[in-house]
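Next come the chains, spelled out residue by residue.
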Amino acid sequence: MPIYRIADLNVEVNPKFKICRKRLESYAVKSNESGKTDIAISVSDDEIRERCRLSDNLSEQGAEDVLILSKFCNAVLDGFDGFFFHSSCLELDGEGYVFSAVSGTGKSTHTALWRRHFGNRVTMINDDKPVIRKCDGKFYVYGTPWMGKSNIGANISAPLGAVFLLERDRVNYAEKVSAGKVFPKLLEATLISKKQDRMSKILELYDEIFSAVDLYLLHCTISDDAVTAAYDAICK
């Protein structure tokens, strides 16, 4: 059974369709080097057919991809203190910075501005669905195979330096906020089921993360001034 190293976890899964195998291939590890399996994922033909039935215009290979993502997401939250966070994230000078927003706000455009502004100091971690996970008492942001339409990202991680929630505005400034003030935005970005035990777990993780990591509401335009506003906030 193929093993993939995702978010510092050994994930055993054998996709049926080529699109899923290709997505995962850069995370593959040799079985004799992988060690123990942390998460085992299987997707049945019945599950694929049911997922297709529930979603118009979803192919069987698309359904398998969605199911693998969903099962991995649940397993990471259930047993490994982590969750997917719909965002675009990058590494700058050894720290990971996460930028989340509703679709169409421009989170990918914003991180592209960081790449242009800082050049080789920036490495993209993931442009759509990174994992935030606690390891040895510290939070890290990880690249994953699910990188969105841009397909920008890498199999790397960085200590989580700050989280920004983007909000389009005519001026650029970063407002430090509590998780409670922007809770609906955080929950919308967190890919979890609505099961009560998982909701409780994510709330516990929110408390831990934002006790240790700064959270900002970034009022921004699509300009270098937005990058400067965010960077100035983390440098204070």
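Calculation notes
- Residues numbered from 1 in each chain as written.
- Predicted model: local features only at pLDDT ≥ 70, side-chain atom pairs only at ≥ 80, totals over all residues.
- Heavy atoms only, no water.
- Helix = DSSP H or I, 4+ residues; strand = E, 2+ residues; numbered from the N terminus.
- Buried < 20%, exposed > 50% of the residue type's maximum accessible area, 1.4 Å probe, protein only.
- Contact = heavy atoms within 4.5 Å.
- Core = buried A, V, L, I, M, F, W, Y, C linked by side-chain atoms within 4.5 Å.
- Pairing = 2+ DSSP bridges.

Trainee: Please explain the environment of aspartate 169 as it appears in this structure.
Mentor: On the secondary structure map, aspartate 169 appears in the loop between strand 11 (157-168) and strand 12 (173-176). The class of aspartate 169 is partly exposed, set by a relative accessible area of 32%. Between the C-alpha atoms of aspartate 169 and threonine 221, which are 52 residues apart in sequence, the distance is 5.8 Å. Beyond its immediate stretch of four places on either side in the chain, aspartate 169 contacts His219, Cys220 and Thr221.

Trainee: Would you take a moment to explain the nonpolar core for this structure?
Mentor: Residues Phe85, Leu160, Leu186 and Leu215 are the most contacted members of the largest nonpolar core, which totals 26 residues. For this core, the secondary-structure elements that each account for two or more residues are strand 10 (138-142), strand 11, helix 5 (183-189), helix 6 (196-212) and strand 13 (214-220). Excluding residues within four positions of it along the chain, leucine 186 makes contact with Phe85, Leu165, Ala179, Tyr206, Phe210 and Leu215.

Trainee: Can you help me understand the pairing of strand 9 (residues 131-135) in this one?
Mentor: Residues in a regular strand project their side chains so that they alternate between the two faces of the sheet. Of all 5 residues that make up strand 9, 4 are buried, and the element is covered over most of its length. Inspection of the sheet shows strand 5 (residues 82-84) paired to strand 9 by 3 bridges, in the antiparallel sense. Residue pairing for strand 9: phenylalanine 84 is matched across the bridge by valine 131. Counted along the chain from strand 9 to the antiparallel partner strand 10, the turn is 2 residues long, and its residue aspartate 136 has a positive phi close to 55°.

Trainee: It is not clear to me how unusual backbone geometry should be interpreted in this structure. Could you clarify?
Mentor: The phi angle of most residues is negative, glycine excepted, and most peptide bonds adopt the trans form. Located in the positive-phi region is aspartate 8, a residue other than glycine, with phi close to 60°. What makes aspartate 8 partly exposed here is its relative accessible area of 40%. A positive phi angle, close to 50°, is found at aspartate 81, a residue other than glycine. Along the chain, the position of aspartate 81 falls in the loop between helix 3 (60-80) and strand 5.

Any link to function would need more than the numbers given here.
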